[in-house]
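Chain residues, written in single-letter form:
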Amino acid sequence: MKQMIVDIKKIGINGEGIGYLNKKPVFVQGALTFERVIIHQLKEFPTYYKATLKQVINQNNDRVKPPCYIQQQCGACSMMHASLDFQEKSKLENLKQALYKYASIRNQKIPLISNPSPLGYRNQCKFILGIDQGNISSGMFESESNRWLGIDHCIIHDPILERIRKQVVALLNKHQVRIAIKVHEEGYRYLIIRVLEGKAQVTLVATKKIDDAKLFKQISELVGVEGVFLSINDSKSHEYFGDDIECVAKNKTLDVNIHGLNLSISPKSFMQLNTKVATSMMMYVADLIKPNEHVVEAYSGTGLMSLLVAKKAKSVFGFDINKDAIINANNHVAMNSISNITFKAMDANVGLKEASKRYKSFTLIVDPPRIGLQKPFIEQLLRSNISKMIYVSCNPSTLAKDIASLRQKYNIVSIKAFDMFSHTPHVETVVLMSRK
């Protein structure tokens, strides 16, 4: 197969190196800026190429040996071959490029808060169960393929999570359970574990209800395990949890204390995957709130951000379309005896309309999914009586596109980035905006 030499000019939003061939960008996973590389397996698309890195001719001084031996196969930590300093600069550069490309924002000062624990920071795993050399194992699909890869150890996970994962897999082998390689088969599909403050929730996802009481009991007896759950999912979707989830051993919730707040977390509740950096980011958001302000949070989830803000604000109104999340959030209000906060289960557009009826003026916090804010929500937002807005984003591109629309009525006050996911290209951003 023909080999070619390419000079890498920049890093893409997925951590890949970008060079140019025939005036079209070529994406090369594993290449770094300023490197000259040999590529092969070139694939042409209408507006770009993709290629495989074969050899680095001129190496960037920030290239390092990945501490994980399957980094290239797994692909989840797509920037582990670069120094942490290079990773952070690349994330900031991509954020700034997105803001300039979509919202014409340039020369904006953007500080970045580093991750204090670049390894062992992830508090949840969602693994696909499979067979590796005749034994049950947990793993995932290789990067850009449908080949399953058994993963013996992950250095990004909380060490307690990793210990429990290996112990659960050992018990699955001991009990010789069935593994459903395909959806129509009967057996277990996924293993999901969350660890907060050293306490763990273990969820097994199966295609059909399975009565493995002895297995569930032995999992619950592992050190640190607070609850064991069984979820049924026989769909072909990429969702891990099924609609049905049952506590099959020990506690129905994971009860923890984060930054002085008592929380009761169910397996399907959304929690940021890096507790330390997420808490730091939420406290920064809380610091942007003044004591006399009414605050509204869209996409409030289980309510941690709102709960932290409520300690300072005059009142808080949070809403989310996920009914289970709102049940969690209202439980948290009661558990912490907070009197100035209200949560409701409702669509973002409906929630924003109700907020505008509740308050003559208020501060809005939005933390939407990666797709960003929907057009009807933005249109309603521009017509509303929001005096200040705090946009928390996990996607620089959709953030910049939304800001381009919001700048009709809002000025940018400040932008701050948080490196929540070391060794990946992802970055969290908090943008403070004020009404013109």
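Residues numbered from 1 in each chain as written. Predicted model: local features only at pLDDT ≥ 70, side-chain atom pairs only at ≥ 80, totals over all residues. Heavy atoms only, no water.

Undergrad: I keep staring at the packing of aromatic side chains and nothing clicks. Help me out?
TA: We describe a pair of aromatic rings using the distance from one ring centre to the other and the angle between the two ring planes. Scanning the entire structure with this criterion turns up seven aromatic pairs. With a centroid separation of 5.6 Å and an interplanar angle of 80 degrees, the aromatic rings of Phe27 and Tyr48 are classed as edge-to-face. Note that Phe27 is positioned in strand E4 (residues 24-29) and Tyr48 in the loop between strand E5 (36-44) and strand E6 (49-58), a separation of 21 residues in sequence. Look at Tyr359 and Phe362: their rings are 6.1 Å apart centre to centre, the planes differ by 55 degrees, and that puts the pair in the tilted class. Exposure class is identical for Tyr359 and Phe362. Each is buried. (Phe/Tyr/Trp six-rings, centres within 6.5 Å; stacked < 30°, edge-to-face > 60°. Helix = DSSP H or I, 4+ residues; strand = E, 2+ residues; numbered from the N terminus. Buried < 20%, exposed > 50% of the residue type's maximum accessible area, 1.4 Å probe, protein only.)

Undergrad: Looking at this structure, how should I read the packing of helix H3 (residues 159-174) against helix H4 (residues 213-220)?
TA: In a pair of packed helices, the angle between the axes and the distance between the axes together describe the arrangement. Between H3 and H4, whose axes approach to 10 Å, the crossing angle comes to 155 degrees. Taken as axis vectors, H3 and H4 run roughly antiparallel relative to one another. The two elements H3 and H4 cross, and the hand of that crossing is right-handed. Judged by residue contacts, Val168, Leu171, Leu172 and Lys174 of H3 engage Leu215, Gln218 and Ile219 from H4. Tallied by class, residues from the contact of H3 with H4 come to five nonpolar, one polar and one charged. (Axes fitted to C-alpha atoms, helices over the stretch in contact; angles between N-to-C directions. Parallel < 35°, antiparallel > 145°, perpendicular 65-115°, else oblique. Left-handed = near helix turned anticlockwise from the far one by under 90°. Contact = heavy atoms within 4.5 Å. Nonpolar A, V, L, I, M, F, W, Y, C, P; charged D, E, K, R; others polar.)

Undergrad: Honestly, H4 in this entry has me stumped. Any pointers?
TA: Think of an α-helix as turning once every 3.6 residues; residues three or four places apart then point the same way. Among the residues making up H4, those that are buried are Leu215, Phe216, Gln218, Ile219 and Ser220. For H4, the secondary structure elements touched by its buried residues are H3, strand E11 (188-196), strand E12 (199-206), strand E13 (225-232) and strand E14 (244-250).

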